[in-house]
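Chain residues, written in single-letter form:
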Amino acid sequence: VQAERVLLVSLGKQEAFGDKPFRDALGAAAKVLAAAPARDASVALADLPLDGRPLAWRLQQAARILADGAYKFESAKSAETKKPKRGASRVNLLIEGNSSAGLEAAVQQGSAVAAGMALTRDLGNLPANVCTPAYLADTALALGKKHKFDVEVLERGDMEALGMGSLLSVARGSHTPPRFIVLNYKGGKSKAKPVVLVGKGVTFDTGGISLKPAAEMDEMKFDMCGAASVLGTFKAVAQMELPINLVGLIAATENMPGGGATKPGDVVTSMSGQTIEVLNTDAEGRPILCDALTYAERFKPECVIDIATLTGACVIA
């Protein structure tokens, strides 16, 4: 062969080969290509015996997995600590026969999903002193400007006017102002009901007055990964130009102790008019998401997908 290096990837037993081994093999190849000295690589997909999956599906999966496997987060490192660039900057997907527009579209879709995943991971990996509610709002505005969909950012006064007392009760202890972010992508028919994505955006969760243990509290910067998932989804959807109507709602705030913080036993009023007795300020996801879900009603959605992190509760479950 003409290549300087050849990478052989085991596919396991032939009788057990299917979707998962196919994806696992691509993932294994992606890790090697991301760390190898080669700058140009070709991945052969022509001879894989994957029954029931069209070539377009294989190409879409390959584009997504190979791009995702090359992901690195180094923006927080100083220049001298960054590792020298390695890995393939160009990957060719080898197939039999002539390429068609349908196959090229499949590769573009896979790349778009990978780009959305990368944005989500970048936002999650950023430290909480960088990725604040305002940073999430600025990211949404930049996405809207680039891909030409509407973005509205509500400030504290706007939320007070709407009666979002539940969400604002979580934000009371923080010096960093909250944001309520509304993204509106209109790619479908004008009268088609939208899908609404609601994302939890607690950019740092100390637990508030019900303070968390210090051990591993640094990981609470990830409590905005629901919001990051909404933004990543919008990037992928807009890049693919999907023919759907999509609304994203992000309730972004910190949960901090402080002189103005909500106390256990306080009673607050949500946007729906219901009162809530707060017994544990570390159960902050529900108070911010209930106001977002009430706000979602105005769009008369086809369905609502609520994306939260549920960190500790998820481990217990």
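The following refers to the structure shown. Keep in mind that this is a model prediction, so the values were computed, not measured.

## Details of the pattern of salt bridges
Right, so step 1: The full count for this structure, using the stated rule, is 11 salt bridges.
Right, so step 2: Here Glu 155 and Arg 179 are joined by a salt bridge, their closest N and O atoms 3.3 Å apart. With Glu 155 in the loop between strand 3 (150–154) and helix 5 (156–162) and Arg 179 in strand 4 (residues 179–186), the pair connects residues that are 24 residues apart, well separated along the chain.
Right, so step 3: In this structure Glu 155 comes out as partly exposed when scored by relative accessible area, which is 36%.
Right, so step 4: Residues joined in a network through salt bridges with shared partners are Lys 200, Asp 223 and Glu 284.

## Details of the packing of aromatic side chains
Within a pair of aromatic rings, the relevant descriptors are the distance that separates the centres and the angle that separates the planes.
Right, so step 1: Counted under the stated rule, the structure contains five aromatic pairs.
Right, so step 2: Where Phe 149 meets Tyr 185, the ring centres are 6.5 Å apart and the plane angle is 75°; that geometry is what we call edge-to-face. Of the two residues, Phe 149 sits in the loop between helix 4 (133–147) and strand 3 while Tyr 185 sits in strand 4, which places them 36 residues apart along the sequence. For the pair Phe 149 and Tyr 185, one class covers both residues: buried.
Right, so step 3: Through pairs of rings, three or more aromatic residues link up here, namely Phe 149, Tyr 185 and Phe 234.
Right, so step 4: Sitting over the ring of Tyr 295, Arg 298 keeps its end group 4.0 Å from the ring centre.

## Observations concerning a nonpolar patch on the surface
Right, so step 1: The grouping of Val 1, Val 6 and Leu 8 at the surface amounts to a nonpolar patch, some 410 Å² of accessible area in total.
Right, so step 2: The class of Val 6 is exposed, set by a relative accessible area of 60%.

## What to know about a positive patch on the surface
Right, so step 1: Where like charges cluster on the molecular surface, the positive patch consists of Arg 39, Lys 72, Lys 83 and Lys 85.
Right, so step 2: Within the secondary structure layout, Arg 39 lies in the loop between helix 1 (19–35) and strand 1 (40–44).
Right, so step 3: The class for Arg 39 is partly exposed, based on a relative accessible area of 41%.

## A few points about the nonpolar core
Right, so step 1: Core analysis: the biggest nonpolar cluster contains 24 residues, and Leu 123, Leu 136, Leu 183, Leu 231, Phe 234 and Ile 250 have the highest contact counts within it.
Right, so step 2: Secondary-structure elements contributing two or more residues to this core are helix 3 (101–125), helix 4, strand 4, helix 7 (225–240) and strand 6 (245–255).
Right, so step 3: The element that contributes the greatest number of residues to this core is helix 7, accounting for seven residues.
Right, so step 4: If near-sequence neighbours (up to four positions away) are discounted, Leu 136 is found in contact with Leu 123, Cys 131, Ile 181, Thr 203, Met 224, Ala 227, Leu 231 and Ala 252.

## What to know about helix 7
Turn by turn, an α-helix covers 3.6 residues, leaving residues three or four places apart pointing in a common direction.
Right, so step 1: Across its 16 residues, helix 7 extends 22 Å between first and last C-alpha, which sits within 8% of the 22 Å expected from 1.5 Å per residue.
Right, so step 2: Among all positions of helix 7, only Gly 226, Ala 227, Ala 228, Val 230, Leu 231, Gly 232, Phe 234, Lys 235, Ala 236, Val 237 and Ala 238 are buried.
Right, so step 3: Glu 241 sits one or two residues past helix 7 and shows a positive phi near 55°.

## A closer look at the side chain of Thr 294
Right, so step 1: Turning to its location among the elements, Thr 294 is positioned in helix 8 (residues 285–296).
Right, so step 2: Within polar-contact distance, the side chain of Thr 294 engages the backbone oxygen of Cys 290 at 3.0 Å.
Right, so step 3: Leave out the neighbours within four places in its chain, and Thr 294 touches Met 271 and Ser 272.

## Looking at the sheet that holds strand 9 (residues 303–307)
What links the strands of a sheet is backbone hydrogen bonding, and the strands pair in either a parallel or an antiparallel sense.
Right, so step 1: Overall, mixed pairing links the five strands, which are arranged 3-4-6-5-9 in an open sheet. Every other strand in the sheet has two partners, leaving strand 3 and strand 9 as the edge strands with one partner each. Ignoring strand direction, the axes of neighbouring strands in this sheet form an average angle of 15°.
Right, so step 2: Relative to the sheet, helix 7 contacts strand 4, strand 5 (195–205), strand 6 and strand 9, its axis offset from that of strand 5 by approximately 135°.
Right, so step 3: Here helix 8 sits on the sheet in contact with strand 3, strand 4, strand 5, strand 6 and strand 9, set at roughly 155° to strand 5.

## Comments concerning the environment of Val 32
Right, so step 1: Checked against the element boundaries, Val 32 lands in helix 1.
Right, so step 2: For Val 32, a relative accessible area of 41% puts it in the partly exposed group.

## Remarks on the environment of Arg 121
Right, so step 1: Examined against the element boundaries, Arg 121 turns out to sit in helix 3.
Right, so step 2: Taking the relative accessible area as the measure of exposure, Arg 121 reaches 35% and is therefore partly exposed.
Right, so step 3: Counting along the chain gives 107 residues from Arg 121 to Ala 228, while the straight-line C-alpha distance between them is 7.6 Å.
Right, so step 4: Excluding residues within four positions of it along the chain, Arg 121 makes contact with Asp 68 and Tyr 71.
Right, so step 5: One polar contact links Arg 121 to Asp 68, side chain to side chain, over a distance of 2.7 Å.

Rules behind the numbers
Residues numbered from 1 in each chain as written. Predicted model: local features only at pLDDT ≥ 70, side-chain atom pairs only at ≥ 80, totals over all residues. Heavy atoms only, no water. Salt bridge = Lys/Arg side-chain N within 4 Å of Asp/Glu carboxyl O. Helix = DSSP H or I, 4+ residues; strand = E, 2+ residues; numbered from the N terminus. Buried < 20%, exposed > 50% of the residue type's maximum accessible area, 1.4 Å probe, protein only. Phe/Tyr/Trp six-rings, centres within 6.5 Å; stacked < 30°, edge-to-face > 60°. Lys NZ or Arg CZ within 6 Å of the ring centre and 35° of its normal. Patch = residues over 30% accessible without salt bridge, like charges linked within 9 Å, V, L, I, M, F, W, Y side chains within 5 Å. Areas by Shrake-Rupley, 256 points an atom, 1.4 Å probe, with all protein chains shown as cover. Lys, Arg positive; Asp, Glu negative; His and termini not counted. Charge placed at Lys NZ, Arg CZ, Asp CG, Glu CD. Core = buried A, V, L, I, M, F, W, Y, C linked by side-chain atoms within 4.5 Å. Contact = heavy atoms within 4.5 Å. Expected span 1.5 Å × (residues − 1). Polar contact = N/O pair within 3.5 Å; in protein donor to acceptor, adjacent residues only side chain to side chain. Pairing = 2+ DSSP bridges. Axes fitted to C-alpha atoms, helices over the stretch in contact; angles between N-to-C directions.

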